[in-house]
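Now for the letters of each chain:
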Amino acid sequence: MQSANMLLRKIVRSSVLPFAAQHGIKKDLFPLSRTLSLSLCLKQDKSCEPSERLDLDEWKKVLKSGLQEEVSETVSKPKELSSLAAARETLEMWKLAGRAVPENISEEQLKTFMECPSKSAKKKYLKYLHLKELHKKNDKRKMEEKRERRLEAQASKTDETKKSPFICMWSSTMDKAYNWRAAQSMIFGQPLVFDMSYEKEMSVREVTNTVRQIVLSESCNRRSVDPFHIHFCNFKDDSLYHREFLKQYSEAWDKLLITVTDQCYTEIFPKDKLIYLTADSPKVMKTFDHDKIYIVGSMVDKSIKTGVSLARAKRLGLETAALPLEKYLLWNTGAKNLTLDQMMHILLTLKDTADWKKALEFVPKRKYCGFVNTPVKELKKTLDLINTLKLGKGREEVQKQFAKSYPKKYKLK
């Protein structure tokens, strides 16, 4: 009898319990194994001692340990979910504390936030996400405002055209006239070259600014009385310049009345007729020459890289010139570099009127104090003379010099 009970215990412990632990059915097998063992004991010998029966407390301990292992396995699976939830709770607490936290954050961003090695790194990452979210919101708001303004402008235009059909006819005829002038300039006009070989010296933002200025220059040239024949030289397909022009013009890019080529200007025009306009040139431009071909570097640089265009012109053996800004303007602050559309306005005015005062009105007024009729060097001489007069040294001699060099209205009393 004892041997039978021991054999039953061994069978249950070796086969039934591991099977139940694997399949998670410990609770169902516990009463079944207990009833089997008790029924066998009662059938074979009703006068069994308590020591010979199965120890039910030990069975309970074994089953409870198995259940705890099963619970630990189930807890390890949603561990990541609980950590993500804890990270979200910390973000909510930081948001309530007034820290820079993004409003919407994805699971990938949360995982990267949890992988940050220190608290300061986590703060910096959250600040970066917050600023990125603010920039997106501002861009969206600006786009909506721009769209509203565009719709209002379109509505006002439609109202005006409905009121007066003459305006629509006038705009269409003026466009035809401008296009006719641009077409005539491609045959008979004076060439003006834009050097498009500065893409490597600029960032993407600077290239976009350059293209915008060239677009303004082209529209200004098309509306002038005697437009230039614009050449885009050293222009490469699928470059940053090309992509930005396609964004600005879209379908009108192929209809522009300009010459676009990947050749250098020295291969198209003779070198003795080319003049490279650069602010770094030691030679000052005195008059506008209608027989020359002027070259403008298509470059906008925030850091003001001096000498880049001058070095390029010297390598090619070209003549250079700078605008006479100091001769006609009392320069105040800032560099003497002008934007491309300002250069276009100045060259068109010089071509039409040959008046430097009218042409240099397109220079921003924040950069100079006013115009001068005489060069700045002579004005410095007069200031020196006035200082000597104040000091009382050689008053009569200074008055004679002053009377000889300047008219009567500037005579000292």
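First, a word on scope: everything that follows refers to the structure included in this document. Because the structure is a prediction, the values reported are computed rather than measured.

### Regarding unusual backbone geometry
Part 1: The phi dihedral of Asp238 is positive, around 60°, even though this residue is not glycine.
Part 2: Along the chain, Asp238 falls in the loop between β2 (229–233) and α9 (240–249).
Part 3: The phi angle at Ala354 is positive, at roughly 60°, despite the residue not being glycine.
Part 4: Positionally, Ala354 belongs in the loop between α13 (340–353) and α14 (356–359).

### Regarding the packing of helix α8 (residues 204–222) against α9
Part 1: Closest axis-to-axis distance for the α8/α9 pair is 9 Å, and the angle between their directions is 55°. Relative to α9, α8 is oriented oblique. In this structure, α8 crosses over α9, and the sense of that crossing is right-handed. Residues Val204, Val207, Thr208, Thr210, Val211, Arg212, Ile214, Val215 and Glu218 of α8 form the contact with α9, whose own contacting residues are Leu240, Tyr241, Glu244, Phe245, Gln248 and Tyr249.
Part 2: Considering only residue class, the contact of α8 with α9 consists of 9 nonpolar, 3 polar and 3 charged.

### Focus: the packing of aromatic side chains
Part 1: Under the criterion given, the structure shown has 13 aromatic pairs.
Part 2: On the numbers, 5.9 Å between centres and 85° between planes, the contact of Phe194 with Phe232 is edge-to-face. Here the residue Phe194 occupies a position in strand β1 (residues 191–195), and Phe232 occupies one in strand β2, the gap between them amounting to 38 residues. Of the two residues examined, Phe194 and Phe232, each falls in the buried class.
Part 3: Consider the rings of Phe245 and Trp253, whose centres lie 5.0 Å apart with planes at 20°: the pair is stacked.

### Description of the nonpolar core
Part 1: Ranked by internal contacts, the top residues of the largest apolar core, which has 58 residues, are Phe232, Phe245 and Tyr265.
Part 2: At 7 residues, α13 tops the list of elements feeding residues into this core.
Part 3: Among the nonpolar cores identified, the runner-up in size contains 12 residues, and Val101, Phe113, Cys116 and Tyr125 belong to it.

### Let's talk about the side chain of Thr208
Part 1: Its location among the elements puts Thr208 in helix α8.
Part 2: For Thr208, a relative accessible area of 15% puts it in the buried group.
Part 3: For Thr208, the side chain forms a polar contact with the main-chain oxygen of Arg205, separated by 2.4 Å.

Basis of the calculations
Residues numbered from 1 in each chain as written. Predicted model: local features only at pLDDT ≥ 70, side-chain atom pairs only at ≥ 80, totals over all residues. Heavy atoms only, no water. Helix = DSSP H or I, 4+ residues; strand = E, 2+ residues; numbered from the N terminus. Axes fitted to C-alpha atoms, helices over the stretch in contact; angles between N-to-C directions. Parallel < 35°, antiparallel > 145°, perpendicular 65-115°, else oblique. Left-handed = near helix turned anticlockwise from the far one by under 90°. Contact = heavy atoms within 4.5 Å. Nonpolar A, V, L, I, M, F, W, Y, C, P; charged D, E, K, R; others polar. Phe/Tyr/Trp six-rings, centres within 6.5 Å; stacked < 30°, edge-to-face > 60°. Buried < 20%, exposed > 50% of the residue type's maximum accessible area, 1.4 Å probe, protein only. Core = buried A, V, L, I, M, F, W, Y, C linked by side-chain atoms within 4.5 Å. Polar contact = N/O pair within 3.5 Å; in protein donor to acceptor, adjacent residues only side chain to side chain.

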